[in-house]
Amino acid sequence: MKKFTSIIILMVLMSVSLNAQNGGKRLTLVEENHAELYFNGVKYILDSYIVMFENPYYIIIEREDKSPIEYQEAIDISIDYIKPRGCTSPLERLPNLDRHNEDKTKWMIGISC
């Protein structure tokens, strides 16, 4: 229950932070982009969020085993994940949108494409 509560708090904080950065615009989950993918034998859970009719993608990534994720690893996996799901133009990283929780087990990576 404690982990569930922590995840909810993190998502609320990320949402508040994202909404503030986007002038209070509402983030929308892109449900069809939900994925559980394996990289180097580790299972990752990924989701993407958008502001309707705008760019970029806000990609949330976490390991299934809840272990910390290195920053570059989060970037690389997020790029591989979003390319076939949403990129119709060249990909651009937006590091100013990147965030993580306290123990770096969950990252939000900003990508425009």
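Novice: Mind laying out the overall build of the protein chain, listing which residues take part and the relevant values?
Specialist: Regarding its fold elements, the protein chain presents 2 helices and 7 strands. When the elements of the protein chain are put in sequence order from the N terminus, they spell out α-β-β-β-β-α-β-β-β. Across the 113 residues of the protein chain, 43% fall into the buried class. Within the protein chain, contacts between residues at least 6 apart in sequence are counted, and of these 52% link residues at least 24 apart.

Novice: Before we move on, can you summarise the confidence of the model for the protein chain with the specific residues and values?
Specialist: Here the protein chain averages 84 in pLDDT, while 78% of its residues score no lower than 70. Contacts for the low-pLDDT stretch residues 4-9, under 50 throughout, to residues beyond four places or in other chains number 2 contacts.

Novice: Explain the state of the cysteines to me, and be specific about the residues and the numbers.
Specialist: Scanning the entire structure with this criterion turns up 1 disulfide. Paired by a disulfide, Cys-87 and Cys-113 hold their sulfur atoms 2.1 Å apart. Negative torsions about the S-S bond denote left-handed disulfides, and the value of about -80° found for Cys-87 with Cys-113 makes this one left-handed. Here the residue Cys-87 occupies a position in the loop between helix 2 (71-86) and strand 5 (92-93), and Cys-113 occupies one in the segment after strand 7 (106-112), the gap between them amounting to 26 residues.

Novice: Could you give an account of the side chain of Ser-48, with specific residues and numbers?
Specialist: Secondary-structure assignment places Ser-48 in strand 3 (residues 42-51). Separated by 2.9 Å, the side chains of Ser-48 and Asn-33 make a polar contact. In this structure, Ser-48 is in contact with Thr-28, Leu-29, Val-30, Asn-33, Tyr-57, Tyr-58, Ile-59, Tyr-81 and Ile-82, ignoring residues within four places of it in sequence.

Novice: Residue-level account of helix 2, with values.
Specialist: For helix 2, which comprises 16 residues, the first-to-last C-alpha distance of 22 Å matches the rise-based estimate of 22 Å (1.5 Å per residue) to within 8%. Of all the residues in helix 2, the buried ones are Ala-74, Ile-75, Ile-77, Ser-78, Ile-79, Tyr-81, Ile-82 and Gly-86. On its buried side, helix 2 packs onto strand 2 (35-39), strand 3, strand 4 (57-63), strand 5 and strand 7.

Novice: Could you give me a rundown of the environment of Tyr-38, with the residues and numbers involved?
Specialist: Mapping Tyr-38 onto the fold places it in strand 2. Residues Tyr-38 and Ile-77 lie 39 residues apart in sequence; the distance between their C-alpha atoms is 9.6 Å.

Novice: Please give an account of the environment of Leu-29 that cites residues and values.
Specialist: Counting through the fold element by element, Leu-29 comes out in strand 1 (residues 27-29). For Leu-29, a relative accessible area of 34% corresponds to the partly exposed category. Expressed as a C-alpha distance, the spacing of Leu-29 and Ser-48, which sit 19 residues apart in the sequence, is 6.1 Å.

Novice: For the pattern of salt bridges, give the residues involved together with the corresponding values.
Specialist: Taken as a whole and assessed by the stated rule, the structure comprises 6 salt bridges. Ionic pairing is found between Lys-106 and Glu-62, a salt bridge with its closest N-O pair at 3.5 Å. With a gap of 44 residues between them, Lys-106 in strand 7 and Glu-62 in strand 4 connect regions that are remote in the sequence. Under the relative-accessibility criterion, Lys-106 is labelled buried at 5%.

Cut-offs and rules
- Residues numbered from 1 in each chain as written.
- Predicted model: local features only at pLDDT ≥ 70, side-chain atom pairs only at ≥ 80, totals over all residues.
- Heavy atoms only, no water.
- Helix = DSSP H or I, 4+ residues; strand = E, 2+ residues; numbered from the N terminus.
- Buried < 20%, exposed > 50% of the residue type's maximum accessible area, 1.4 Å probe, protein only.
- Contact = heavy atoms within 4.5 Å.
- pLDDT = per-residue confidence, 0-100.
- Disulfide = S-S within 2.5 Å.
- Polar contact = N/O pair within 3.5 Å; in protein donor to acceptor, adjacent residues only side chain to side chain.
- Expected span 1.5 Å × (residues − 1).
- Salt bridge = Lys/Arg side-chain N within 4 Å of Asp/Glu carboxyl O.

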